[in-house]
Amino acid sequence: MRKTVFAILSATLLLLTGCSPAPVHGQDAEMQRYEASFLGLFDTVTSVVGYADSQERFQEEMSLFHDQLEEYHQLYDIYHDYPGLNNLKTVNDHAGVQPVKVDGRILDLLELCRTLYQETDGKVNAAMGSVLSLWHECREQGIQDPENAALPEEADLQEAMLHCDFSGVVIDREASTVYLPDPRQKLDVGAVAKGYALEQVCRSLTLPMAISVGGNVRITGSRPDGAAWRIGLQDPDGGEEYLCKLEILSGSVVTSGDYQRYYTVDGVRYHHIIDPDTGYPAKGYRAVTVVCPDSGLADGLSTALFTMTVEEGTALLESQDAQAMWMLEDGSIVYSSGFEELIQG
């Protein structure tokens, strides 16, 4: 059996603060607080704060978590092949050629993407890979060679925009296949996959944990002493202080921001959240934070709200069990009706 090694940290988890380092006495055994982190899955850092009656029990749960998350990472990867596995890259590679038989977890994710596409009027669009790949390539080149950083060619963007209709994606649950009839279409599930995978894996965990996968935070259970978990929301300008700290008993917290993945061209910063209506980075906000029970839904909603007006976003939130905070480009803050109740007093 493959062993996964985790670092047990002494430092406080970046987005998870206020967890007592002292032992917590439960009904059956003394619960100690542990922290761990690892790199690589979903191209980011995963950090965990949790409670267990022994380090061995905590490591056991962490190994289960890592291995399951790795399976989702490989299934939803659009950049790499894996021996014996049909993943989303396989689907993209066979666009316009033939349907691809896939794991049911790919079908589940794409069905969620289809629902979000419909409920957000196309603002969450997993079929935008042709556009997003142009920005991804330019961003990677711009980061490696800042002096020659450039935007995608306008003609290329406009051509790619013609191949982003998610309604054309054929999902056959009975045959367990996915097919892209348009040979120029590509899937990119980056707006939802990380949060969705985190949600699914966390449902199988048994220890109380606060887990951050690249800033997507999911609480797996109440702290042993019954106190809320405290989650700090990062300042987009990189300040040492948090914008605020939330007190969360359960559920997820997800932030989409213009400071997370970006590059600079002629002094202008271009972030990774692309407006489906324009093909360019969305404007109007520095960050949008969503709190709701489901991490996959929170991931999709934070992306959707980043490309909507506050009024449109508020209407969307009212149809979901979710709250949000918007930080506008001028630094001002707007809250949904119940968000301020979550802020630490």
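Residues numbered from 1 in each chain as written. Predicted model: local features only at pLDDT ≥ 70, side-chain atom pairs only at ≥ 80, totals over all residues. Heavy atoms only, no water.

Quick rundown of the sheet that holds strand β6 (residues 100–101)? Include the residues and the values.
Taken in spatial order, the 3 strands line up as β6-β8-β7 in an open sheet, and their pairing is antiparallel. Each edge of the open sheet is held by one strand with a lone partner, namely β6 and β7 (170–172). Strand direction decides the pairing type here: β7 and strand β8 (residues 177–179), joined by 3 bridges, are antiparallel. Residue pairing across strands places V170 opposite Y179, the latter belonging to β8. Across the face of the sheet, helix α3 (residues 104–119) comes into contact with β7 and β8 while running at roughly 135 degrees to β7. (Pairing = 2+ DSSP bridges. Helix = DSSP H or I, 4+ residues; strand = E, 2+ residues; numbered from the N terminus. Contact = heavy atoms within 4.5 Å. Axes fitted to C-alpha atoms, helices over the stretch in contact; angles between N-to-C directions.)

Explain the environment of G195 to me, using residue names and the numbers behind them.
On the secondary structure map, G195 appears in helix α6 (residues 193–202). On a C-alpha basis, the gap between G195 and I219 in space is 12 Å, while along the polypeptide they are 24 residues apart.

I'd love a proper account of the layout of surface pockets, names of residues and values included.
Put simply, the second largest pocket is a space of about 220 Å³. Taken together, D258, V268, R269, Y270, H271, Y280, P281, A282, K283, Y285 and E329 make up the full set of residues lining the second largest pocket. At 4 residues, the largest contribution of residues to the lining of the second largest pocket is made by strand β15 (residues 268–271). (1 Å grid on protein atoms, 1.4 Å probe; cavity = no way out; pocket = protein on both sides within 12 Å on 5 of 7 lines; lining within 4 Å. Points joined across faces, edges and corners; volume = space filled by probe spheres on them.)

Got a sec to walk through the side chain of T90? Specific residues and values, please.
Within the secondary structure, T90 is located in helix α2 (residues 88–93). For T90, a relative accessible area of 11% corresponds to the buried category. (Buried < 20%, exposed > 50% of the residue type's maximum accessible area, 1.4 Å probe, protein only.)

Please set out the nonpolar core residue by residue, giving values where relevant.
Judged by nonpolar contacts, the single largest core of 70 residues is most densely connected at F65 and Y76. Ranked by residues supplied to this core, first place goes to α3 with 8 residues. Beyond its immediate chain neighbours, meaning those up to four positions away, Y76 contacts F42, L88, R105, I106, L109, V189, A193, Y196 and A197. By size, the runner-up hydrophobic cluster in this structure holds 16 residues, among which are M31, L246, V253 and V291. (Core = buried A, V, L, I, M, F, W, Y, C linked by side-chain atoms within 4.5 Å.)

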